[in-house]
Structure formats: structure tokens, C-alpha cells
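Now for the letters of each chain:
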Amino acid sequence: GNSVTQMEGPVTLSEEAFLTINCTYTATGYPSLFWYVQYPGEGLQLLLKATKADDKGSNKGFEATYRKETTSFHLEKGSVQVSDSAVYFCALSDNYGQNFVFGPGTRLSVLP
Amino acid sequence: GAVVSQHPSWVICKSGTSVKIECRSLDFQATTMFWYRQFPKQSLMLMATSNEGSKATYEQGVEKDKFLINHASLTLSTLTVTSAHPEDSSFYICSASIGIHSNQPQHFGDGTRLSIL
């Protein structure tokens, strides 16, 4: 079945550091890929998405490129802020928008 | 757009009580809603998929008689935890899909933290 693997956290960075959170997936067909963010005590918010190979999703300075050849969707940000501290989930959905599969989440802490 | 409201946000109740959690899509019609459970510092575990007007589809290992799901309209789904016990304490999150195509993300409610004493 489909699966998503993320780098284990927690990840601790200083403010303005470069961020990479790795995400790889296993899926049949042509899944769509998503990054969700969960701030403490809250639900999940969609951060960005990509629906086909080589698409780049971007939002709030975060970017991720759908790489079919490496089955990856790594999340990057050039300069993190304390307010970016949260848990980040990589996810995919199948061809029909169903069967969402989430990665285990990566907790990011950004220190001032 | 695509706002999902979940209520209540926090519930504390005694063991044996039944608790109902509501999930509403405020500005769109959601033919499908999803219910997740999240344990501390863990990822989301899909409990069930709820389609409007039909019975929910439960994931393996989820007791359908324990977690009653009703999706009576295109904007409302409810999860009732029946005769809740301390082991049911968790963070429950609903989501709704705005469409059936794979490029449509799920939109999540803010979650309900359930604590059973």
C-alpha cells in the first residue's frame, strides 16, 4: 500500500537557519503530495501541495518539489523564524483524492 | 474559503459518559468527511471515512459501536464516543474534502482534545 516516510525529529534550528525536512513516498499511480503544519494545540493546516511530477508547491517561504524519479517531496525554507516552530506532516492522496496517508510528522523547534 | 469548524475544542468528562463531537464545513459542501485520532507526539490515525447519507467506513481495528459516526448532511458529521473510558482520551481531528479529485486537499478542523477521568 501507499506510505510516507519522513526524517525523524525533533529538528532544532536557530532563527534564520536553512531548513530541510525530507519526505519520501511509496505509491501506485499518480498521487498528489501535501505538506501540512500543526501548531501546538491546533489542528492541521495545509501548507502547500503539488499534484504532478516536477510541480513546486510554495507558501509562506516554504517550498517543496514533486520528484517522481526519487519519489521525494522535501520541504525547504531558506530562513526559519521562531513562529515556524510546529510539527510538519508530509502526506499523499491517491488518484481519487481518497486514502490520505500521513507521514509520522517532524517536530521543528526554532530558537531565537 | 474551505473552513472546517470542529466543536467542542476541549472536553473533560467522567468515565462512562458518551461524548459527541461535531464537524462542520462552513463554506462548502463536503460529501466526504474523515475522522482521525492523534496520540501525543504521533501522527494521525484514520479512524473512519464518512460519506453523506451512508454508513461510515471504519478502518481496521476501530470499533464502530464505540465510535459512532453520523453524516446526515453535506455540511455536518458527528463522532460520538460511547461510554468513554480513560484509554479513549486523545486528540480527535476531522477533515473534509472539497471534491473527489486527487488535487483537492483535505481541510482540517482544529481538533477536539478529549480527556476522560
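See the structure above.
As the structure is a computational prediction, the values presented were derived from the model and not from experiment.

(A) Fine view of the overall build of chain A. What chain A contains, in helices and strands, is zero helices and twelve strands. Along chain A, helices and strands appear, N-terminal first, in the series β-β-β-β-β-β-β-β-β-β-β-β. In terms of C-alpha radius of gyration, chain A reaches 13 Å, essentially the compact-globule figure of 13 Å for 112 residues. The C-alpha extent of chain A, read off along each of the three principal axes, is 45 × 30 × 20 Å. Buried residues in chain A amount to 45% of all 112 residues. Relative to all contacts within chain A whose residues are 6 or more apart in sequence, the contacts with residues 24 or more apart total 56%. For chain A, the computed accessible surface area is about 5,200 Å², with 49% contributed by carbon and sulfur atoms. Put simply, chain A has 8 plus and 11 minus side-chain charges, and the middle of one group is 5 Å from the middle of the other.

(B) Just the sheet that holds strand β7 (residues 56–59) of chain A, in detail. Residue and element names in this part refer to chain A. Ordered in space as β3-β9-β8-β7, the four strands form an open sheet in which the pairing is antiparallel. The sheet is open, and its two edges are formed by β3 (19–21) and β7, each paired on a single side. For this sheet, the mean inter-axis angle between neighbouring strands, taken without regard to orientation, is 15°. With three bridges joining them, strand β8 (residues 62–65) and strand β9 (residues 75–77) adopt antiparallel strand pairing. Residue Phe62 lies in a different strand from β9, and its bridge partner there is Lys77.

Here is what the cut-offs are and how they apply
- Residues numbered from 1 in each chain as written.
- Chains lettered and ligands numbered in written order.
- Predicted model: local features only at pLDDT ≥ 70, side-chain atom pairs only at ≥ 80, totals over all residues.
- Heavy atoms only, no water.
- Helix = DSSP H or I, 4+ residues; strand = E, 2+ residues; numbered from the N terminus.
- Rg over C-alpha atoms; globule rule 2.2 N^0.38 Å.
- Buried < 20%, exposed > 50% of the residue type's maximum accessible area, 1.4 Å probe, protein only.
- Contact = heavy atoms within 4.5 Å.
- Areas by Shrake-Rupley, 256 points an atom, 1.4 Å probe, with all protein chains shown as cover.
- Lys, Arg positive; Asp, Glu negative; His and termini not counted.
- Charge placed at Lys NZ, Arg CZ, Asp CG, Glu CD.
- Pairing = 2+ DSSP bridges.
- Axes fitted to C-alpha atoms, helices over the stretch in contact; angles between N-to-C directions.

Such coordinate-based values are descriptive only and should not be taken to indicate function.
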